[in-house]
Amino acid sequence: MEKRHLGRTGLRVSRLGLGTMTWGRDTDEHEAAEQLKVFVDAGGTLVDTADVYADGGAEYLLSRLTDTLIPRSELVIATKAGSTPDSDRRFDTSRGRMLAALDASLRRLGTDYVDLWQVHAYDPATPTEETLHTLDLAVSSGRARYVGVSNFSGWQLAKAAAWQLGHPGRVPLAGTQMEYSLLQRGIEREVLPAALDAGVGVLASSPIGRGVLTGKYRHGVPPESRGASPHLTGFVQPYLGERSRRIVDALATAADGLASSPLAVALAWVLDRPGVASALVGARTAAQLTATLSVEALTLPGEIRGALDDVSAPLHRYPDQGWTEL
């Protein structure tokens, strides 16, 4: 599997990353082990998790597998901190909260360091410079090799990246993790231009539209799908509307013409986008993951890429990047 640098840093990540959002909850240890083995055998290195996935269970499960199945040194482990279970404050990126969360993640992961530590989301209640100083402390203490952010808007990312670049001794942001797919192109308005300008790599999450771009929801919600899961039905539902159906139909037509699958075509589209270092994929089974990893063999012709661009194009209104309407 191809390796790419994450932004303007020396960190190299596999072109596809393995997401673990369902590990420890919907995905048990046996299935997680099968998926991780398939992923590593295919040349994958980047495994993305977070301290809130299964309330820490995903990190703990990953540690069990690095103890018994895959050596820690063969993986690029990325985790996130900043989300809270408090309904009154969804995110807390204060220095004390973040450093405590990092220490807890390291204990669950059974490692002295993470390769990439990310701020899970922007916290308006904490000064940005305090949060960013926390990232510096994580690197200077050896607990994180590289740092990044997740779910930051364009101005938030630009501010954070400029702060780190403008002060000698601070650690530049390596990446920003954002949802990006044919069904969700919102980052093209401001986030992607900001990332490209600052040299921050993009980790594309949900690149197959939360599973909808596989085409399996075209005729209803399959009983074994994430859309039928009590934990994830709200995650999938926003992408089951009429606009999504048009995009999925066009994707299916493109896949038929390429003798490929809608999943592979959707992933290839994301991986070809400027600034994208890796796309994070999750699967219910190892067999599904194997099919997903086959995207390495697919290159989209320009005509098909252009047709998919057109059918999924987001509306840019003033003052968005490239606006055409007031």
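Preceding this section is the structure that the text describes.
First, a word on scope: everything that follows refers to the structure included in this document.

Procedures and definitions
- Within every chain, residues take consecutive numbers counted from 1 along the sequence as written.
- Only residues with pLDDT of 70 or above have their local features reported here, since the model is predicted, and side-chain atom pairs are shown and tallied only from 80 upward, although totals for entire chains, interfaces and linings are computed over all residues.
- Side-chain descriptors were evaluated using all non-hydrogen atoms of the structure, hydrogens and water having been removed beforehand.
- Labels follow the DSSP assignment, with helices taken as runs of H or I lasting at least four residues and strands as runs of E lasting at least two, numbered in each case from the N terminus.
- The reference for a compact globule is 2.2 Å times residues^0.38; the radius of gyration itself is calculated from the C-alpha atoms.
- Each residue is placed in one exposure class: buried if its accessible area under a 1.4 Å probe, protein chains only, is under 20% of its type's maximum, exposed if it is over 50%, and partly exposed if it falls in between.
- Here the aromatic set is Phe, Tyr and Trp, taking the six-membered ring for Trp, and pairing holds for ring centres within 6.5 Å; pairs whose planes are under 30 degrees apart are stacked, those over 60 apart are edge-to-face, and all others are tilted.
- Lysine NZ or arginine CZ positioned within 6 Å of the ring centre and within 35 degrees of the ring normal marks a charge as sitting over the ring.
- Starting at the helix axis, one direction is taken to each C-beta atom, and the arc is that of these directions.
- Residues belong to one nonpolar core when they are buried, are Ala, Val, Leu, Ile, Met, Phe, Trp, Tyr or Cys, and are joined through side-chain atoms within 4.5 Å.
- In what follows, a contact means two residues having at least one pair of non-hydrogen atoms within 4.5 Å.
- Think of a salt bridge as a Lys or Arg side-chain nitrogen and an Asp or Glu carboxyl oxygen that are within 4 Å of each other.
- A fitted line through C-alpha atoms represents every axis, and for helices the fit uses only the stretch in contact; the resulting angles, taken between N-to-C directions, go from 0 to 180 degrees.
- Here roughly perpendicular refers to angles of 65 to 115 degrees, roughly parallel to angles under 35, roughly antiparallel to angles over 145, and oblique to all remaining angles.
- As a working rule, the residues Ala, Val, Leu, Ile, Met, Phe, Trp, Tyr, Cys and Pro are called nonpolar, Asp, Glu, Lys and Arg charged, and the rest polar, with Gly in that last group.
- Here, a strand pair is defined by DSSP locating no fewer than two bridges between the strands.
- Here is how to tell: hold the view so the strands point away, follow the path from the first strand over the helix to the second, and if it runs clockwise the crossover is right-handed.

1. Examining the overall build of the protein
Scanning the protein for helices and strands turns up eleven helices and ten strands. A compact globule built from 326 residues would reach a C-alpha radius of gyration of about 20 Å, and the protein, at 19 Å, matches this within 12%. Here the C-alpha coordinates of the protein stretch approximately 50 × 50 × 40 Å along the principal axes. Looking at the 326 residues of the protein, the share that counts as buried comes to 54%.

2. Examining the packing of aromatic side chains
Per the counting criterion, the structure on display carries four aromatic pairs. Both rings, one in tyrosine 180 and one in tryptophan 269, keep their centres 5.7 Å apart while their planes meet at 65°; by these two values the pair is edge-to-face. Linking tyrosine 180 in the loop between strand 8 (175–179) and helix 6 (191–198) with tryptophan 269 in helix 9 (residues 262–271), this pair joins segments that are 89 residues apart in sequence. For the pair tyrosine 180 and tryptophan 269, a shared accessibility class is recorded, and that class is buried. On the numbers, 5.1 Å between centres and 85° between planes, the contact of tyrosine 318 with tryptophan 323 is edge-to-face. When its relative accessible area of 54% is taken as the criterion, tyrosine 318 is described as exposed. Clustering of aromatic rings is evident, with ring pairs tying together Tyr122, Phe152 and Trp155. Geometry around tyrosine 113 places arginine 72 over its ring, the cationic atom sitting 4.3 Å from the centre. A cation over a ring is seen here: arginine 145 above tyrosine 113, with NZ or CZ 3.8 Å from the ring centre.

3. Side note on helix 10 (residues 286–293)
What helix 10 keeps buried is the set Ala286, Leu289, Thr292 and Leu293. Down the axis of helix 10, the sector holding all buried residues measures 115°, keeping them to one side.

4. Some points on the nonpolar core
Counting residues in each nonpolar core, the largest one holds 83 residues, and the members touching the most others are Trp23, Leu36, Trp117, Leu157, Leu173 and Leu213. Here this core takes nine residues from helix 9, the largest share from any one element. Those residues in contact with tryptophan 23 that lie beyond four places of it in its chain are Leu18, Ala32, Gln35, Leu36, Ala54, Gly57, Ala58, Leu61, Leu62 and Leu65. Counting residues in each nonpolar core, the second largest holds eleven residues, with Leu11, Leu116, Leu203 and Ala277 among its members.

5. Structural notes on the pattern of salt bridges
A pair can form between side chains of opposite charge whenever their charged atoms are brought close. Taken as a whole and judged by the stated rule, the model has 21 salt bridges. Of the charged contacts in the structure, one is a salt bridge between glutamate 2 and arginine 4, with a shortest N-O distance of 3.3 Å. A residue is classified by how much of its surface remains accessible, and arginine 4, at 16% relative accessible area, is buried. For the salt bridge of aspartate 115 with arginine 72, the shortest nitrogen-to-oxygen distance reads 3.0 Å. With aspartate 115 in strand 6 (residues 114–119) and arginine 72 in the loop between helix 2 (57–68) and strand 5 (76–81), this residue pair connects regions lying 43 residues apart in the sequence. Just as aspartate 115 is buried, arginine 72 falls in that class too.

6. Focus on the packing of helix 2 against helix 3 (residues 95–109)
At a minimum axis distance of 7 Å, the contact between helix 2 and helix 3 shows a crossing angle of 40°. As far as their axial angle goes, helix 3 and helix 2 are oblique. Packed against helix 2, whose contacting residues are Glu59, Tyr60, Leu62, Ser63 and Thr66, the element helix 3 presents Ser105, Arg108 and Leu109 at the interface. Of the residues assigned to the contact of helix 2 with helix 3, the class counts are three nonpolar, three polar and two charged.

7. A closer look at the pairing of strand 3 (residues 16–19)
Side chains of strand 3 alternate between two faces, with Leu16 and Leu18 and Gly17 and Gly19 buried alike. Note that strand 3 and strand 10 (residues 276–281) share three bridges and pair parallel. Looking at the pairing, leucine 16 lines up with alanine 279 of strand 10. On the question of chirality, the crossover connecting strand 3 to the parallel strand 4 (residues 46–48) by way of helix 1 (residues 29–41) is right-handed.

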